[in-house]
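Listed here are the chains, written in short residue letters.
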Amino acid sequence: PEWISDLAIESPLLRCGDMAESPTPYYDFGNDCILGYFNTKFGVHGWNLPLISAPISKLGSAEKELQWFARLLLEGKIVEKFEEWKRKNYLTDNASIITNSQPHKKVTMLLYDLRGPPRITSLNELRKQWRSDKTFLRKTYLNWIKKDKQDIIKSEWNKFIEIK
């Protein structure tokens, strides 16, 4: 049945539904986008097919794409330095609160910054923004960092955003 989704992706017989909760979305560096898994049905009888992986920007909502970009960014799955800081236990909260609960103030602030303009949901867009504004996201990101670790982030920030 998996091959049906591949063959019928552009067909009106294939209907893509909501994004599945599991497996979780991931960042695809090759295509510079976030991929999620979506429920699919085929034919007039709506036969269930296996989940398909597709860009959230195409089949999901713009808000979901923004939330998942923010979460994956803080989890260090997009920018390597963020992963190092997460591993060192600098974060005050688990980044999953971005997609799993009612918005906290710091979630709202992060999503507000990413919403732009310009809207940022890819690593290339983030790099471009950092080239024009080296402080972009710094203040907002510090809301996620333990107080005793914030000076480390401040001192390393300009060095690490010089991503080539």
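Here we summarise the structure given alongside this text. None of these values were measured; they are calculated from a predicted model.

**Considerations on the environment of tyrosine 26**
With respect to the helices, strands and loops of the structure, tyrosine 26 is situated in strand E2 (residues 26-28). As for tyrosine 26 and tryptophan 68, which are separated by 42 residues in sequence, their C-alpha atoms are 8.3 Å apart.

**Let's talk about the pattern of salt bridges**
Where side chains of opposite charge bring their charged atoms close, a pairing between them can arise. According to the stated counting rule, one finds nine salt bridges in the structure shown. For lysine 81, the salt bridge is made with glutamate 156, and the minimal N-O distance between the two is 3.1 Å. On the criterion of sequence distance, the pair formed by lysine 81 in helix H4 (residues 80-87) and glutamate 156 in helix H9 (residues 150-160) is long-range, its members being 75 residues apart. Two residues, glutamate 83 and arginine 87, come together in a salt bridge whose shortest N-O distance is 3.4 Å. Of this pair, glutamate 83 and arginine 87 are both found in helix H4, four residues apart, which corresponds to roughly one turn of the helix. For glutamate 83, a relative accessible area of 30% gives the class partly exposed. Shared partners join several salt bridges into a network, and the residues in it are Lys81, Glu84, Lys88 and Glu156.

Definitions and cut-offs
- Residues numbered from 1 in each chain as written.
- Predicted model: local features only at pLDDT ≥ 70, side-chain atom pairs only at ≥ 80, totals over all residues.
- Heavy atoms only, no water.
- Helix = DSSP H or I, 4+ residues; strand = E, 2+ residues; numbered from the N terminus.
- Salt bridge = Lys/Arg side-chain N within 4 Å of Asp/Glu carboxyl O.
- Buried < 20%, exposed > 50% of the residue type's maximum accessible area, 1.4 Å probe, protein only.

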